[in-house]
Amino acid sequence: MTTDSSHDGVVHHAPGEHHDHDHDHHGPAYGLMRWITTTNHKDIGSLYLWFSLIMFFIGGAMALVIRAELFQPGIQIVDPMFFNSMTTMHALVMIFGVVMPAFVGLANWMIPMMIGAPDMALPRLNNWSFWIMPFAFAILLSTLFMDSGGPAGGWTLYPPLSLQMGDSFAFVIFAIHFMGISSVMGSINIVATIFNMRAPGVTFMKMPMFVWTWLITAYLLIATIPVLAGAVTMLLTDRYFGTSFFSAAGGGDPVMFQHIFWFFGHPEVYILILPAFGIISSIIPTFARKPLFGYDSMVYATASIAFLSFIVWAHHMFTTGMPLAGSLFFMMSTMLISVPTGVKVFNWVATMWRGAMTFETPMLFAIGFVIMFTIGGLSGLMLAITPADIQYHDTYFVVAHFHYVLVPGAIYSIMAATYYWIPKWTGNMYDETLGKWHFWISTVFVNVLFFPMHFVGLAGMNRRIPDYSLQFADWNMVASIGAFGFGFSQLLFVWIVIKCVRGGKQATDEVWEGARGLEWTVPSPAPYHTFETAPDITKYAVR
Amino acid sequence: MTTTDHSVPTPAPLRHLMRLLVGSCALLPALAIAGWDELNMPVGVTDLSADVHGLHMRIFYVCCAIGAAVFGVMIVSMFLHRKSRGVKPATFHESTKVEIVWTVVPLLILVAMAVPAAKVLIKMEDFSDSEMSIKVTGYQWRWHYDYLDEGIAFYSALDAEQNLARQRGADDALEQFGDTYLREVDNELVVPTGVKIRFLNTAADVIHSWWVPDLALKKDAIPGFINENWATINEPGVYNGKCAELCGRDHGFMPIVVRAVTPEEFQVWADEKRAETLAAIETQHDPRDLPTLLAQGESVYGANCSTCHQAEGQGIPGMFPAIAGSDIATGDIDAHVAMVLHGVDGTPMNAWSGALTDAEIAAVVTYQRNAFGNDTGDSVQPLDVRAARSTALNAATEFDMGVTQ
Ligand SMILES: [Cu+2]
Ligand SMILES: [Cu+2]
């Protein structure tokens, strides 16, 4: 790897150079207005990522309130009502405020650089998609300080319980609408970018997996967010305008809400994991120094997962009482999803096989992802077996399952992506020793936190409870210790990121020895504008 | 309240921690022996629950095998194929043969799982030939059981003493209950063994879910709808369960206790319970003296009011008003009775006219007016409550014992 490798095809912004574009300046503006008015994909990517990091600590603090209350049996710290709003808000913040924005941030930073585009296709829309979010979350979080308290009916907002909320309900719905608008605008932008902005020669089947998985994720978002918006609007009219969509007394059906919600909710699960698949598919080949195994089948597997995700929603509802034919159908379709998901895992393992691996921090997080996501996937397979699911449903077994796919799954992929690309973003190498410490401490604690939940769940501990019987005391204490350990070790992550932004060993352009892809052909740090002239892809590997 | 021996002043959390450390060291052998039962789904006491447990164990072993294979290959690879060992990376990146194998083999495993699972599911959904029906209604936050053919109906809520203890939040006080904490109720659901019982689940307010692991029963109780479920219990015993669907503030505090007895014992119990219910209806308007009212009032308060207004009547500022020293509980007695009967619109204060008897309302109002330093010396008689019901706008709120005729 040499730093003086040529960058033909990459435009450098030397003074006096002339470009065939309509930008009237070459670098960012200064001060706060830079961030408010920016239409630059890298700036907006950074905004999303910082926003996500802040929300990660807010959502994490809520999780720690939950685990502190559950440290021992009995009610010690918070009122059960506040406990319920913590579980509700923790979910909403982590899903809509952390994982989704982080993926959008990564998409903003990386997709244009991966496909050789100068920016996103719709830069002003991009600015809007981001700046709606802080307001949406300010509204959502403000409900915690209202007289009636924050939403406390679970993030799934099932009526009639959610309709019992006080007037902060309207604010919650409003906030969800705005998050939805932000997501849909972001998705439209990503689809438009991928379709229209690819450099000549970057065909669909040459796109890196991260671009592919985001393309499919964007479609899932465009298809399902309006469904969520419809469902919450129906709740709003039930609450304030006398409709009875979900009230049996008025001829409605509370279970219909669950069908509509999960028609959004299950694809949402894949919205939270498909970009992670893309990230892992970039990182493992780099550190195994070997091309991704089965690229084509990865693409098809992603597409099949996306398709199947629309026909499995009622597996969240096996206890609501549905016809036998329905239960059988949703059981089979859910089991089927494990096939393409399995293909992905097998492909990653095959990519590692006979490679020449090194284990820098991004690779550690990627391998941690593959192992722990697989554990979550296997418990998901158990959950697909309807008669057993009925017993697992709404217990800590389910809590363990989805936290395994979301924390050492989605969150680990975001950490891996940060360590992988931060040298490109900042031009500096992060502190490798600290990064490894971050990985190992997190991994120990995340398992101490979530692994025992499988067992307390099987033994009969139901979820969303502030207090529990004494026979669950020991393992809850273990989980709480894991939670605090995991939570505080993330401060290390913040320190590593800040340290890297402020300085460190100069990163080379290629950064990683085995890295492939256009993003590694631009200088480190990536200039404010990249690929204003399309790269000549005959010279570089796109993936 | 009986107290446990506190001569060793180790604080409760520390004690747990110590037990835990010892427990963790013993984890692996414990998993193999006794500990496993407490960490796994119960086999239960119905044929169906044994089937479900069988499916659970089968899919669990399948998952373990898949996990062992995948992680095994990964670990070998991480050991052998590392750059530090001086290996040169291979360049292969596809193999149609291998890819077909790892698509088809999982499919076959899935079919092998789906067939037995479907069989159990079909069995679960067979409600024919049931010999007894019990209607289960979820309320915030207790259960109502209605034996449709026996003329018996009653509410079942968390044991009053535990309910008060959990609100006081004193850690050590919880230990007196041992493993029964949050698992005992005031009225157990008594059922006969060897009889196919059909449970009809519904709810009065929000969605609840009636879950008894040993019977492998979990079905949502949805307002306005009725969900079926069934069990034939093989062994007499006490089986615990709880509400599994988030239903508001006290979702964690609505346990279920099913006591299965032989059909003969059940008949005896049913006759007694029926007689008791009738006697309660007959004598419900008899006058009571102050101590009797206070004693009954305390338990009604503990089961119904203390959740919001708190054990000492202090309420929660900003959320639930205090009863101690309140204008209502020390002011006009008729207004007090009316508020309990009809609730307050637009607040969490429910109308209790449908859920409590005249005697219970009389007792709880009397209690509230004499406890928490309110010391009014007032008392209310069941007949006063009946009168208050009939003078009220909606005379139709006469308490319904819930017995289906
Ligand atoms: Cu799902
Ligand atoms: Cu509940």
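Residues numbered from 1 in each chain as written. Chains lettered and ligands numbered in written order. Predicted model: local features only at pLDDT ≥ 70, side-chain atom pairs only at ≥ 80, totals over all residues.

Let's talk about the overall build of chain A
Secondary structure assignment for chain A yields 15 helices and zero strands. Rg of the C-alpha trace for chain A: 23 Å, near the compact-globule value of 24 Å for 543 residues, within the 12% margin. Here the C-alpha coordinates of chain A stretch approximately 70 × 50 × 45 Å along the principal axes. Here chain A holds 543 residues, and the buried ones make up 62% of them. Counted over contacts in chain A with a minimum sequence separation of 6, partners at least 24 positions apart contribute 84%. (Helix = DSSP H or I, 4+ residues; strand = E, 2+ residues; numbered from the N terminus. Rg over C-alpha atoms; globule rule 2.2 N^0.38 Å. Buried ≥ 20, exposed ≤ 12 C-beta atoms within 10 Å, placed from the backbone. Contact = placed C-beta atoms within 7 Å.)

Comments concerning the confidence of the model for chain A
Averaged over every residue, the pLDDT of chain A is 90; the share at 70 or more is 95%. Scored below 50 in pLDDT, residues 1–24 of chain A shows 28 contacts in the model against residues more than four places distant or in partner chains. (pLDDT = per-residue confidence, 0-100.)

Here's the deal with the interface of chain A and chain B
Facing 82 residues of chain A, the contacting portion of chain B comprises 86 residues. The set of elements that each furnish at least two residues to the side of chain A that touches chain B consists of α3 (80–115), α7 (254–271), α10 (324–352), α11 (361–384), α12 (386–392), α14 (432–458) and α15 (473–502) of chain A. For the side of chain A that touches chain B, the leading source of residues is α10(A), giving 14 residues. Counted by class, the side of chain A that touches chain B contains 48 nonpolar, 25 polar and nine charged residues. (Nonpolar A, V, L, I, M, F, W, Y, C, P; charged D, E, K, R; others polar.)

Some words on unusual backbone geometry
A cis amide bond links A:Pro159 to the next residue, A:Pro160, at an omega of 0°. Topologically, A:Pro160 is positioned in the loop between α4 (123–142) and α5 (168–196). For B:Ala216, which is not a glycine, the phi torsion comes out positive at approximately 50°. Tracing the backbone through its elements, the reader meets B:Ala216 in the loop between β6 (208–212) and β7 (217–221). Overall, the presence of 29 C-beta atoms within 10 Å leaves B:Ala216 in the buried class. Even without a glycine there, the phi angle at B:Phe372 is positive, about 55°. Here B:Phe372 shows up in the loop between α12 (358–370) and α13 (382–391). Since 21 C-beta atoms lie within 10 Å of it, B:Phe372 is described here as buried.

Details of the pairing of β7(B)
Side chains on a regular strand alternate between the two faces of the sheet. Most of β7(B) sits out of view: five of its five residues are buried. Once β6(B) ends, the chain turns through four residues before running back antiparallel as β7(B), passing B:Ala216 with a positive phi of about 50°. (Pairing = 2+ DSSP bridges.)

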